[in-house]
Amino acid sequence: MPHRVLQAVAGLLVLVALSAFTLGVVNAPQHGRMPGERASGDNGPAPIQATEATPLSQERIEGPPPPPELTPEEKARQEADREARAAAKLDALGAAAPAPPTLPVPPPDKVGEILQSAPPPPEEPPH
């Protein structure tokens, strides 16, 4: 774009900005107040009363309390229940013990073979 056109566009932008600022100052109220500032002698509307609002409980602020410690008898009962469930599952499957999982064999590394069989690079790169 020609330099003269850029100067004209910049001048128009400055003119619009200055005129917007000037109109804002001219049209501003003479005895205005800042947002949130109360007018002198005017109480304004009554504050809203939230009847269904409840304060946060201590549990919501701090999180739920930690679970109580189990007694040795309760721990033994839970362990016995776990063993009974495991034995019931084994009986239902008809197996003495589950077989250990076998890991899949990865496919052969064809990229590595190609890189190993590639010819060595030349001593000096081309200029």
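Here the structure is a predicted model, which means the values were calculated and not measured.

About the cut-offs
Residues numbered from 1 in each chain as written. Predicted model: local features only at pLDDT ≥ 70, side-chain atom pairs only at ≥ 80, totals over all residues. Heavy atoms only, no water. Helix = DSSP H or I, 4+ residues; strand = E, 2+ residues; numbered from the N terminus. Buried < 20%, exposed > 50% of the residue type's maximum accessible area, 1.4 Å probe, protein only. Areas by Shrake-Rupley, 256 points an atom, 1.4 Å probe, with all protein chains shown as cover. Salt bridge = Lys/Arg side-chain N within 4 Å of Asp/Glu carboxyl O. Patch = residues over 30% accessible without salt bridge, like charges linked within 9 Å, V, L, I, M, F, W, Y side chains within 5 Å. pLDDT = per-residue confidence, 0-100. Expected span 1.5 Å × (residues − 1).

Section: the overall build of the protein chain
Link 1 in the chain: Scanning the protein chain for helices and strands turns up four helices and zero strands.
Link 2 in the chain: Listed N to C, the secondary structure of the protein chain is α-α-α-α in terms of helices and strands.
Link 3 in the chain: Split into buried and exposed, the 127 residues of the protein chain put 1% on the buried side.
Link 4 in the chain: Of the accessible surface of the protein chain, which amounts to about 12,900 Å², a share of 64% is contributed by carbon and sulfur atoms.

Some thoughts on the environment of Leu70
Link 1 in the chain: Topologically, Leu70 is positioned in the loop between helix 2 (58-62) and helix 3 (72-93).
Link 2 in the chain: Classification of Leu70 by relative accessible area gives partly exposed; the value is 35%.

Here we look at the pattern of salt bridges
Note on pairing: side chains with opposite charge can pair once their charged atoms come close.
Link 1 in the chain: For the coordinates displayed, the defined rule picks out one salt bridge.
Link 2 in the chain: Arg82 serves as the salt-bridge partner of Glu79, at 3.0 Å between the closest nitrogen and oxygen. Separated by three residues within a single helix, Glu79 and Arg82 lie in helix 3, roughly one turn from each other.
Link 3 in the chain: Taking the relative accessible area as the measure of exposure, Glu79 reaches 37% and is therefore partly exposed.
Link 4 in the chain: The exposure class assigned to Arg82 is partly exposed, which follows from its relative accessible area of 44%.

A word on a nonpolar patch on the surface
Link 1 in the chain: Together, Met1, Val5, Leu6, Val9 and Leu13 line one region of the surface with nonpolar side chains, adding up to about 530 Å² of accessible area.
Link 2 in the chain: In this fold, Val9 is placed in helix 1 (residues 3-26).
Link 3 in the chain: Among the residues examined, Val9 registers a relative accessible area of 44% and is labelled partly exposed.

Quick notes on the confidence of the model for the protein chain
Link 1 in the chain: Here the protein chain averages 82 in pLDDT, while 88% of its residues score no lower than 70.
Link 2 in the chain: The spread of mean pLDDT over the elements of the protein chain runs between helix 2, the lowest at 75, and helix 1, the highest at 96.

Considerations on helix 3
Link 1 in the chain: Under the 1.5 Å per step criterion, the end-to-end length of helix 3 is 32 Å for 22 residues, consistent within 8% with the ideal 32 Å.
Link 2 in the chain: Where helix 3 ends, the next residue or the one after it, Gly94, has phi of about 80°, a positive value.

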